[in-house]
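# Geometric and topological summary
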Amino acid sequence: MHFAISSAALTAGFLFLTPTNAFWRMPCRERSGLARIDPLVSPGSISQHAHAIHGSAGFGIDASYNDLIAGSCTSCQVTQDKSAYWTPALYFQNAAGEFQLVDQVGGMLAYYLLYPNAGNTSLSAFPENFQMIAGNTNQRNFTYPVPDIPKSNWNVAPYNTQAFLEQAALGFNCLNYAITPEGSLYRHFLPDKAYLDANCLDGLRLELMFPSCWDGQSFEIKDQKEHVAYPSEVMTGTCPSGFPIRLPSLFYETIWNTYEFVGQAGQFLVANGDPTGFGYHGDFMMGWDPVFLQDAVNTCTNPSGQIEDCPLFNIQDEYTTCNITLPSALVSENVVGPISSLPGNVPIASGPAPANGATAGSPVTGAPPAASSAASAIPVPTLSYSAGQSLASTDTYIPGGIFAVSVPTSTTIAAPAITTPPVAAASNTESFFSTEYTTSGRAVLEVLWVEEIVTVTDPVTTTVVVPGRKRHLRRHMHGQQ
Ligand SMILES: *[C@@H]1O[C@H](CO)[C@@H](O)[C@H](O)[C@H]1NC(C)=O
Ligand SMILES: *[C@@H]1O[C@H](CO)[C@@H](O)[C@H](O)[C@H]1NC(C)=O
Ligand SMILES: *[C@@H]1O[C@H](CO)[C@@H](O)[C@H](O)[C@H]1NC(C)=O
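In the nomenclature of an unreviewed UniProt entry, the protein chain corresponds to DUF1996 domain-containing protein from the organism Hyaloscypha variabilis.

Structure, rendered in structure tokens:
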């Protein structure tokens, strides 16, 4: 069925759908650890690379759901959340070949975006023992157009594949609070040092969207990640067949102060030895009481996204620290630097061939890796700054606001990779973009939210950006790293 929809009709549709889209934003103000621990990929042993870890103190090399629940504290602000959230850390390698941890600004934000499937008003909470990984640590290339073609054309190969969606779920947001922010998930690779120096004066925000479609059967990673899948637009859209249950859509944000190395020769790398960013990834282990979480999913639907607006949540002081206990093999491992190799002696793999795999490592005893390539072997794409789109005509720009990836209001698509005509979707769907948070000294402003409607039509694609329903401005301090 081919049809075109007018802007007015779209807006009406949006208004009808609005009440079902809610979210909350879990601030995890401090890291609970920085260590080579990954109970999903390397259960029972020291993991290959170093992770920035947030959440329950019960986390460890073979942590289970019960261990997380039994943890004495959480570094996230809602005390009922004993989940574990972790991503690889970011390092800088200088011209002498030495590595140093990049400062993480604040802790992390974990968004719980509550998007039910089309035609359904409910979502399922994560079940006990649920775990998942987003991204692929071994990925080292990107074979799609840069920047992305509009989401409205993602309904054909290769864009309707999990392989594409998994790569489109990574974001490297160049932060410069003096200018209009970029949209979330705009750039899917690590910009090079020269680009970061020239443009990203406030550092880099790493963004990661998790799959939200579940097969309803398996919980654990040992079955690989095939128990979950991305919906058709990564964050929103429809679930593929075989994955009927819609979970909260998890979205991680961490900010790294890459600009502290301005002017120094060298390169940035993800802790898994990845200078491209294509292999960025993250892990989640559910640590809520599932009955409580279901209650929160059903009732904490205030569109403000503030945890304070959910009466169920116990909110702890944002400066509370909560640390995991390191295994003895890692207690004296230097993961901050300067160090002569990445923690775990991880070799640098610049692609385009896949990296060798995140095998479990052991404490570093041997010599540093022989040849660490200082320059990436593949041309990492360049993608210049593109201002996100401002919310509504009535909104005045505030640094730190939320801006969607800029899209024309009406576009006819002729994307080269599309071989069959786009098939019109049954109805419009929506996409959401994250909040930005911006630091001014040690004060953080958290603001805003934008919503975008993507409509698949043929031959004309209409994309309408509508104002966020509610915005708020909140100022607080974040702790020292
Ligand atoms: C609606 O979604 C819920 C939560 O994922 C699921 O349990 C239920 O089976 C869905 N209902 C239909 C009719 O698909
Ligand atoms: C947690 O670890 C950090 C960094 O090592 C340290 O500064 C802080 O004091 C620790 N907090 C507690 C409660 O042990
Ligand atoms: C690009 O990555 C894919 C998936 O990891 C891999 O199969 C392919 O061989 C890589 N391409 C090259 C040229 O190495």
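For helix H5 (residues 290-299), the complete set of buried residues consists of Phe292, Leu293, Ala296 and Val297. Buried residues along H5 cover an arc of 135° about the axis, so they all sit on one side.

Counting 91 residues, the largest nonpolar core has Trp24, Met26, Tyr85, Phe126, Phe284 and Trp288 as the members making the most contacts within it. With 7 residues, strand S7 (residues 104-114) is the single largest residue contributor to this core. Leave out the neighbours within four places in its chain, and Trp288 touches Met26, Tyr65, Ile69, Val78, Gln80, Asp81, Ser83, Tyr85, Tyr112, Leu293 and Phe313. Membership of the second largest hydrophobic core comes to 16 residues, among which are Ile37, Ile53, Ile133 and Ile324.

The next thing to look at is the state of the cysteines. All told, the structure shown has 5 disulfides when counted by the stated rule. Across the disulfide from Cys73 sits Cys322; the S-S distance is 2.1 Å. A torsion of 85° about the S-S bond marks the disulfide between Cys73 and Cys322 as right-handed. Taken together, the positions of Cys73 in the loop between helix H2 (65-70) and strand S4 (84-88) and Cys322 in the loop between H5 and helix H6 (328-331) put the pair 249 residues apart, joining distant regions of the chain. The exposure class assigned to Cys322 is buried, which follows from its relative accessible area of 1%. At a sulfur-sulfur separation of 2.1 Å, the disulfide partner of Cys213 is Cys239. Where Cys213 bonds to Cys239 through sulfur, the torsion about that S-S bond is close to -80°, and the disulfide is left-handed. Here Cys239 lies in the loop between strand S12 (228-229) and strand S13 (245-246) and Cys213 lies in strand S11 (residues 213-214), a separation of 26 residues in the sequence. Grouping residues by exposure puts Cys213 and Cys239 together as buried.

Rules behind the numbers
- Residues numbered from 1 in each chain as written.
- Chains lettered and ligands numbered in written order.
- Predicted model: local features only at pLDDT ≥ 70, side-chain atom pairs only at ≥ 80, totals over all residues.
- Heavy atoms only, no water.
- Buried < 20%, exposed > 50% of the residue type's maximum accessible area, 1.4 Å probe, protein only.
- Helix = DSSP H or I, 4+ residues; strand = E, 2+ residues; numbered from the N terminus.
- Arc of directions from axis to C-beta.
- Core = buried A, V, L, I, M, F, W, Y, C linked by side-chain atoms within 4.5 Å.
- Contact = heavy atoms within 4.5 Å.
- Disulfide = S-S within 2.5 Å.

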